[in-house]
Amino acid sequence: MASHDLVIIGGGAAAFAAATKANDLGKTALMINSGLPIGGTCVNVGCIPSKNLLTVGDDLYHEATLAVKFGLTIDDIIETVHVFPTLSEGIKRVAPGLYP
């Protein structure tokens, strides 16, 4: 049976920091993760996806502002922009396996 100097429960940023520190100290670490895929809340459903949504919203705002100058209405713009598929694709790239 394998032996480890440190057992880490979780797979988020703090778990990776603990595993890295253990390695720096010449120790072995075992990471046990359940629930979200490796990366934790930030990578999978928190920080990264929300920042992507903010970026998409910012881009949409600037494009909408420009389009209105050319006579398009906000309804015209919203019908042609697919915000959520863009967000979903971003999440899939950052955290493959989270969404089918």
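Here the residue index of a chain counts from 1 through its sequence in written order. With pLDDT at 70 or above as the cut-off, local features in this predicted model cover only qualifying residues; side-chain atom pairs require 80 or more to be listed or tallied, and sums for whole chains, interfaces and linings still use all residues. Side-chain numbers come from the whole structure's heavy atoms, not from hydrogens or water.

1. Quick look at the overall build of the protein
(1) Moving on: Within the protein, the regular secondary structure consists of 5 helices and 2 strands.
(2) Moving on: Starting at the N terminus and ending at the C terminus, the protein contains elements arranged as β-α-β-α-α-α-α.
(3) Moving on: Burial classes: relative accessible area under 20% of the type maximum marks a residue as buried, over 50% as exposed, and values in between as partly exposed (1.4 Å probe, protein chains only). Residues classed as buried in the protein amount to 21% of the 100 residues present.
(4) Moving on: Residues are treated as being in contact if the distance between any of their heavy atoms lies within 4.5 Å. If you take every contact in the protein between residues at least 6 apart in sequence, the share linking residues at least 24 apart comes to 41%. We count a stretch as a helix when DSSP gives it H or I for four or more residues in a row; a strand needs E for two or more, and each element gets its number in order from the N terminus.

2. Details of helix α3 (residues 47-69)
(1) Moving on: Between its terminal C-alpha atoms α3 stretches 34 Å, which fits the 33 Å expected from 23 residues at 1.5 Å a residue.
(2) Moving on: Those residues of α3 that fall on the buried side of the exposure criterion are Pro 49, Val 56, Ala 64 and Ala 67.
(3) Moving on: Directly after α3, the chain includes Gly 71, whose backbone phi takes a positive value near 95°. A helix is expected to reach a length of 1.5 Å times the quantity of its residues less one.

3. Considering helix α1 (residues 13-24)
(1) Moving on: Along its 12 residues, α1 runs 16 Å from first to last C-alpha, staying within 8% of the 16 Å computed at 1.5 Å per residue.
(2) Moving on: For α1, every residue scored as buried is listed here: Ala 15, Ala 19 and Ala 22. Projected down its long axis, α1 carries its buried residues within an arc of 60°, all on one side. Looking at α1, the residues exposed on the side facing more than 90 degrees away from the buried face are Ala 13, Ala 14 and Asp 24.
(3) Moving on: Gly 26, located one to two residues past α1, shows a positive phi value of around 75°. Directions drawn from the helix axis to the C-beta atoms are what define this arc.

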